[in-house]
Structure formats: C-alpha cells, structure tokens
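What the coordinates show
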Amino acid sequence: MEKQELKGKEIKLMKGNEALAEAAIRAGLDAYFGYPITPQSEVMEYLTEQIPVRRGLVLQAESEVASINMIYGAAGAGARVMTSSSSPGMSLMQEGISYIASAQLPCLLVNVMRGGPGLGTIQPSQGDYFQAVKGGGHGDYKLFTLAPSTVQEMVDFVFEGFRMAEKYRNPALILADGALGQMMEKVELPAEGEFPHVIPDWATTGKKAGRKQNVITSLFIQPEKMEQINIDLQAKYKAMESEVKSESINTEDADVILVAFGLVARICMKAAELAREKGIKVGVIRPITLFPFPTEVLNTTADRVKKFLVVEMNAGQMVEDVRLSINGKADVQFYGRMGGMIPDPEEILTKLESMMK
Amino acid sequence: MAIKGTIIIDTELCKGCELCVLACPQKGLVLSDKINLKGYRVVELYMDNCTGCVNCALVCPDSAITVYREKKAQAV
Amino acid sequence: MEQFLINPDCMVYDNHPVTLTGEPYHYCPGCGHGVIHKVLMEVVRDLGIQEEVIGVAPVGCSVFAYHYMNVDMQEAAHGRASAVATAIKRVRPQNYVFSYQGDGDLAAIGTAETIHTVNRGENILMVFVNNAIYGMTGGQMAPTSLLGMKTSTSPYGRDAASMGNPIKITELLAQLPGAYYVARHAVHTPNAVRKLSKAFKNAFEYQKLNRGTCFIEVVSNCPSGWKMSPVQSIDWIEKNMLPMFPLGDIKVPDPKTGNPVMVKNN
Ligand SMILES: Cc1ncc(C[n+]2csc(CCOP(=O)(O)OP(=O)(O)O)c2C)c(N)n1
Ligand code: SF4
Ligand code: SF4
Ligand code: SF4
Ligand SMILES: [Mg+2]
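Conventions we followed
- Residues numbered from 1 in each chain as written.
- Chains lettered and ligands numbered in written order.
- Predicted model: local features only at pLDDT ≥ 70, side-chain atom pairs only at ≥ 80, totals over all residues.
- Heavy atoms only, no water.
- Near = heavy atom within 4 Å.
- Nonpolar A, V, L, I, M, F, W, Y, C, P; charged D, E, K, R; others polar.
- Salt bridge = Lys/Arg side-chain N within 4 Å of Asp/Glu carboxyl O.
- Helix = DSSP H or I, 4+ residues; strand = E, 2+ residues; numbered from the N terminus.
- Buried < 20%, exposed > 50% of the residue type's maximum accessible area, 1.4 Å probe, protein only.
- Contact = heavy atoms within 4.5 Å.
- Polar contact = N/O pair within 3.5 Å; in protein donor to acceptor, adjacent residues only side chain to side chain.
- Pairing = 2+ DSSP bridges.
- Core = buried A, V, L, I, M, F, W, Y, C linked by side-chain atoms within 4.5 Å.
- Domains from an automatic or database assignment.
- Buried area = accessible area lost by both parts, 1.4 Å probe.
- Donors = N, O, S within 2.8 Å, 3.2 Å for Na, K, Ca; no water.

Inspection of the region around ligand 3 gives 14 residues, with B:Cys24, B:Cys50, B:Cys53, B:Val54 and B:Cys56 positioned closest. Taken together, the residues of the shell around ligand 3 break down into 10 nonpolar, four polar and no charged.

Spelled out as structure tokens, the structure:
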C-alpha cells in the first residue's frame, strides 16, 4: 500500500465517530485496539481503512477484555494508544481500566453510550455517567472524563484527552452518546503531525545497560506501599481539578439554571431559548469535564440562583454531583429520559414552567 | 582418572529441597544439620568425588549452586 | 574440597547470571518456577539479548517474576498476559517479547486470549507453566489437574463427568496455523532442564524470523499444592503428569522449508 502524505488543516462535514477517528490519526495515534459494538463501530472501521495508508496500527481484538489489556501493554511500552466501545463493552473493560489507572498509564478511552442496563438498546443514552466518574472498576481511581456536545468537540477532545492522559499519566475518557457518534456536522480538523509524542523513560522498551529495569505493575503487596500509591493517586486527582472546564450560558440574569452534559446540553439550550420567549429567564451550565467536576461554578451560581433543573438521558446520575456541589443552597430538580429516549426541548420547557408556578 | 570438580552452595539461598541431592550422579550431596538465617536446613557437599557435571545447579530452583570444574588441560 | 578449582577460569555454572536480579525467590522449597525463571534468563544472557527483551508476568505464583528477571517487564491482569504481550510486540516489533503464565492463567481465565494470540501468530514466546494446580490461591483445581487428583476444590478427586477432563491446550494450540514452534518440556531432571534451555533458545531465535508464535509448555511441580515433599513431587511428575502430558516437540519448523510441521506421534 502506498503511504499517503500527512494531512494539513481541513474543514469537512463529518459523522461524529469518523471525526473522532480522523482526529486520532491526526493526533499521532500509534495504536488502536478494539472490538466492534454499535453505535461506535465506525471508529474502528474508519481506522482500519485509513491507518494502513497513513500511520499507526490497528488491531481488532477478540473481545473488549483483550483490547483493554492490549491498551495496557502498548501504553506500558510507551505508545500513544486508544480504544473505543459502547456501554456493554465498557463494562467488560473495567478490570483492565483499574489496572491501567493503578499502573498510571496514559491512554484514551472512548465510550459512545447506548441505553441499558443489560444488552439494552443501541439508541443513545447517558446511563454510564456513574461508571465513568465513580470508578467503574475496583478501587479508588479516577478517569479524566470529557463530555463532548458537538462533533467538533469529538475532534478537539481527542487531542485534549491525550494531552491530559500524558500530562498526568492517567487514562482519559471521552464520554459521548450514540447520537453524537452518528450526527453529521462541519468540523475543523487540525493538521497531522503537529502533536509530538516522546516515548517516556519509564516505558518497557528493553533494559538498556546503565539503567534499571522498567516495570509496569499495579501490584503493591505491602499495605504501607499500597496506601502510599493511593495517597499519590489522590494527590494527582486533586491536581487535575485545575483542569476543570464548563460552559455557562445566559446565567447572569437567570432565575433558573438548566444543567446538562453532552448532547442534552444542546437540547437544553434550545429549551432555554423557548423559555425566554415565554418570559422565563433560563440559563444553562454545561459541565465539559465530568471529572474533574465543575463544583465551584455550580456552587457560586447557587449563591444567586435558587432553582436548578438537571436534565439527563438516565434515571438521575449527574444530578447527585450537582446536589453535592450546590450543597443545599438551591432547589435542584431532575428531569430524565431513559432507555434510548431523547428528551425534546418542549418537554423540558413544560418541566421548567411547572417549576416556576 | 575422573574429572575433578567442586561446587559452592550459597547456603542463605538454599531452602533444603534436596532436588540437588536427587540429581547428583555421584551421590555427593546431603542435607546437613546446619540451619540458615531463614530457618531452612541446608545441603552440603560431603564427598570428594564431584565431577563438576552441573546437574545439581541445573535443577536447583533457588540458584544456590555455583559449579567449578578443572580444565581439560589440567586433567592428568 | 578442591579449593584450587574455585576461580573464575574454572567456573562452569554461574548461579548469578546478569539477567537475574539476584533477589532470593519467594517460592516454596523445590518449586519449579525458580528453575524455569533461571533457565529462561540464562538463555537471554547467552543470546546477549537482555537489552531487547520485554517480558510479561501473569497473576499466579509467578506474579513477581519481574523481581527476579532483570529485564523490562509488565505485570498483566489474570489471564491477559498474551494480550499484553501482543500489544507490546506490535508497537515494538524490534524487541523480543515473551509472556509467562500458569495453567489457571493461560488455560482457564485467559483461554480466549491464548487461542487468539496463537491464531494471529503473534511473534512472541509464550511460556506456559503447567503445575496442574492453582498454586497462588492455595491449591484449587486447575484446568490441567489430573483425573482423580485431589485439590482443595476437588476434595474427592477430579471427576470428568462433573469437572471436565484435564485440558491439553498445547496440543490444541499446535493445530492453529499461527503456531510456529510448539513443544512440551519439564524441569524434573537435569536433562529435562537442558532440553528446556535448548527449546527457549530455539524460540528466541525463531522470533527473529517473524513466522509465528512459539509456545512452550513446561510441566512443573507444586509441592505445596500437591501436599508432598519436593523430592516426592519429582516422582509424581514422572509417574502421573508425564503419561498425560508427554514431553517433546509437537510442532517444529521443517529444516528444509522452514514451514512448521506437526511432529509424528503427536
Ligand atoms: C480476575 C481474577 N480472578 C481471580 C484471581 C485470583 N487468582 C490469583 S492467581 C489464581 C490462579 C493461579 O493459578 P495458575 O495460573 O495455575 O498459577 P500458579 O500459581 O499455579 O503458578 C487465581 C484464581 C485474580 N487475581 N483475578
Ligand atoms: S536444590 Fe538448591 S535449594 Fe534445593 S537443597 Fe539443593 S542447593 Fe538447596
Ligand atoms: S556438580 Fe555434579 S557431581 Fe558435583 S555435586 Fe553437583 S551434581 Fe554432584
Ligand atoms: S504454591 Fe506451588 S507454585 Fe506456588 S510457590 Fe509454592 S510450590 Fe510454587
Ligand atoms: Mg498452576
């Protein structure tokens, strides 16, 4: 196969999953390991088509268990690596993710969520919020979690995810949903080859004379040592808090704030517009990083605004973190749809109207 | 005349498993009464008939044995 | 003793190869893992490839293999060593990569990874330590435990009807086109150890050819799990393990064509 030249900056109309895959190649992805699952199979399909004529390697594993452990191996050997899956596949990966977090290996994980529990539905959902930000696997660990709400962010967060993963030696997660994966939007793609990656000195590359052996492990059998590792991890998660990101729209004069992430945040923006036409002053806060969570913004906004409505495509998961952030300063209500149903702006408006009575 | 050899046993590594005793064709090794710092009874070479065949070292799971053998030129 | 022989010139067996860290093993007295670690690392020393080797340790008694083997290593999740090794070799094809796994790790929880790694013909060496028991967790039945064998989870003996038969995964894997060199060896006698050493050497040399997976089963002992003395365990290997798990080459490259062929009688 003839290798193509590096791609320059480009503006294109692309599907979310494909834009993410294209961004990964442009971000200097060394290796992708994955297993097909709807609604994100296009990621691997795109990569298996592009990578042979461009750069990197792609391998279809025998399961998500294998692919996450391949991520462990390749990341431990110093490569820039990514896997993607959807909800049931992510569940299968959790043991491996816990190992990766403990061994402090940088990598990018992508969950294009579908409705559950169980085999559930292939329609979009946000039902894996808890799994993403509260551990998912065993032990005390965190994933740097980014929640895109546009196809452009599917692109940008690939770069941001790798940047954070490598800066903190920690797995990063893009938590998207099935609708974002399928949606077509115009995106600006950064030029390829401008995001350099150096093989870290801790990676297993062969023990050169003059250096000690490099070992990648998550086993620290003495409790004193294991506690120290935990203390170090917690300090790292604390440091990550400085990277928190959120977006506040029309919150200055608002009487009620909608809080939502991902695709639902966009629906909430539309609902806020409709509400303002009816004279209800609605603002929107969109957490962009789910871990670290924008606690500060929510808490200070609650000094002034006394009503919050959290909207999610689940039974009420992020709402718990919003309540913790606001800590009783304001009334926090919840509106959710489940099982692959997407709320529309009108039903959110109806809920807002009932809150303002 | 048989080739001469000898071995050194790192008795702090020895766990007294006796696999070397089993493997020695000269029957030159024996579990002694000596006890090392970890509390294991250790093996020793008690006969002067070692040929340096390395059998004992090969099967020793704890890498406790070094083997020496006279060079061909030295053999009379 | 022959004191005059004790000089570097006459040393014919060095118990401290540079490829071992020198840390004393935590294994029980007489445990085969120690011999296998040592032989593997002696071969790495003899081939002069210490700087190029990357190993993968399993979950099992040899979980701390990297404390002893003085090469770069990764410790994999239970059963996943071959997936980890696959990825390392794929991103660093210039390195020699090996995985090291017990029977529970490789032939029970990790069976899918094992089969698919060999089926893809990953250019790695897979070392499979068959001691017919779960050593680390205290002597439970393994996929390779013999019929009638008493373990802590088969206290009345392994019964084929309810617990299945011991699995000969090595023979199974040899059937796959991705398998380039498949052999079964042991560590119960000096000659068995010599043959194992030769097999490891072959396997690393074949890895340079990029022709497929080298898979070496090592029939080993677990005196603690088998509840017998180390010396008795050697006899038990001979009498009970070897009839079920016969030693020798199973699939080897044809000297003329270089293509892997099944060895007769296997
Ligand atoms: C997911 C998971 N399940 C179970 C265990 C517990 N476990 C640790 S080692 C082991 C069996 C090891 O047996 P084997 O692979 O034969 O190695 P040996 O100790 O005999 O060398 C088990 C079941 C684990 N660590 N992880
Ligand atoms: S084989 Fe090694 S550990 Fe066992 S008794 Fe002999 S010297 Fe000691
Ligand atoms: S080198 Fe050979 S003869 Fe000498 S003690 Fe060891 S096994 Fe016996
Ligand atoms: S339990 Fe068995 S396999 Fe584990 S160290 Fe002891 S003898 Fe070896
Ligand atoms: Mg075992």
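Turning next to the site of ligand 2. With respect to spatial proximity, the complete set of residues near ligand 2 consists of B:Cys14, B:Lys15, B:Gly16, B:Cys17, B:Glu18, B:Cys20, B:Val43, B:Cys60, B:Pro61 and B:Ile65. Here the residues of the shell around ligand 2 sort into seven nonpolar, one polar and two charged.

Another aspect to go through is the pattern of salt bridges. Taken as a whole, this structure holds 35 salt bridges over all chains when the rule is applied. The salt bridge partner of A:Arg266 is A:Glu185, with a shortest N-O separation of 2.5 Å. With A:Arg266 in helix 9 (residues 263-277) and A:Glu185 in strand 8 (residues 184-189), this residue pair connects regions lying 81 residues apart in the sequence. Between B:Asp33 and B:Arg41 there is a salt bridge, with its nearest N and O atoms 3.5 Å apart. Classification of B:Arg41 as partly exposed rests on a relative accessible area of 39%.

Turning our attention to helix 3 (residues 81-91) of chain C. Taking burial as the measure, the 11 residues of helix 3 of chain C include 10 buried ones, the bulk of the element. Of all the residues in helix 3 of chain C, the buried ones are C:Ala81, C:Ser82, C:Ala83, C:Val84, C:Ala85, C:Thr86, C:Ala87, C:Ile88, C:Lys89 and C:Val91.

Turning to the interface of chain B and chain C, a few remarks are in order. Listed by partner, the interface residues are 38 residues for chain B and 32 residues for chain C. Our count for the contact surface shared by chain B and chain C stands at one salt bridge. Taking the shortest distance from any N to any O, the salt bridge between C:Asp9 and B:Lys71 comes out at 3.9 Å. Our enumeration of links across chain B and chain C arrives at 12 residue pairs in polar contact (both at pLDDT 80 or more). Broken down by element, the residue count for the side of chain B that touches chain C peaks at five residues, all from strand 4 (residues 65-69) of chain B. Grouping the constituent residues of the side of chain B that touches chain C by class yields 21 nonpolar, seven polar and 10 charged. With two bridges joining them, strand 4 of chain B and strand 1 (residues 11-13) of chain C adopt antiparallel strand pairing. Bridge pairing in strand 1 of chain C links B:Val67 to C:Tyr13.

All names here are of chain A. That bond from Thr-38 to Pro-39 is cis: its omega, 10°, falls within 30 degrees of zero. Tracing the backbone through its elements, the reader meets Pro-39 in the loop between strand 2 (31-34) and helix 2 (41-50). Here the phi dihedral of Arg-169 falls at roughly 50°; this positive angle occurs in a residue that is not glycine. Following the sequence through the fold, Arg-169 ends up in the loop between helix 6 (151-168) and strand 7 (171-177).

Formed by 127 residues in total, the largest nonpolar core has its most connected members in A:Phe33, A:Leu47, A:Met82 and A:Phe308. No fewer than three residues from each of domain 1 (10-242) and domain 2 (245-355) of chain A sit in this core. By size, the runner-up hydrophobic cluster in this structure holds 69 residues, among which are B:Cys17, C:Tyr66, C:Leu196 and C:Ile234.

Interface size is commonly expressed as the accessible area that is lost once the parts come together. Every contact between the two is made by 34 residues of chain C and, on the other side, 34 residues of chain A. Across the chain C to chain A interface the summed buried area is about 2700 Å²; carbon plus sulfur atoms make up 58%. When the buried surface of chain C facing chain A is broken down by residue, C:Glu51, C:Asp72 and C:Gln74 rank first, second and third, together holding 22% of it. Along the contact surface separating chain C from chain A lie two salt bridges. Of the charged contacts in the structure, one is a salt bridge between A:Glu62 and C:Arg120, with a shortest N-O distance of 2.8 Å.

A separate point is the coordination of the magnesium ion (ligand 5). All names here are of chain C. On the protein side, the magnesium ion (ligand 5) has Asp-103 (OD), Asp-103 (OD), Asn-131 (OD1) and Ile-133 (O) as donor atoms, found 2.1 to 2.8 Å from it. In the primary sequence, the donor residues of the magnesium ion (ligand 5) line up as D-x27-N-x1-I. Given the relative accessible area of 3%, Ile-133 is considered buried.

This is a description of form; function is not addressed.
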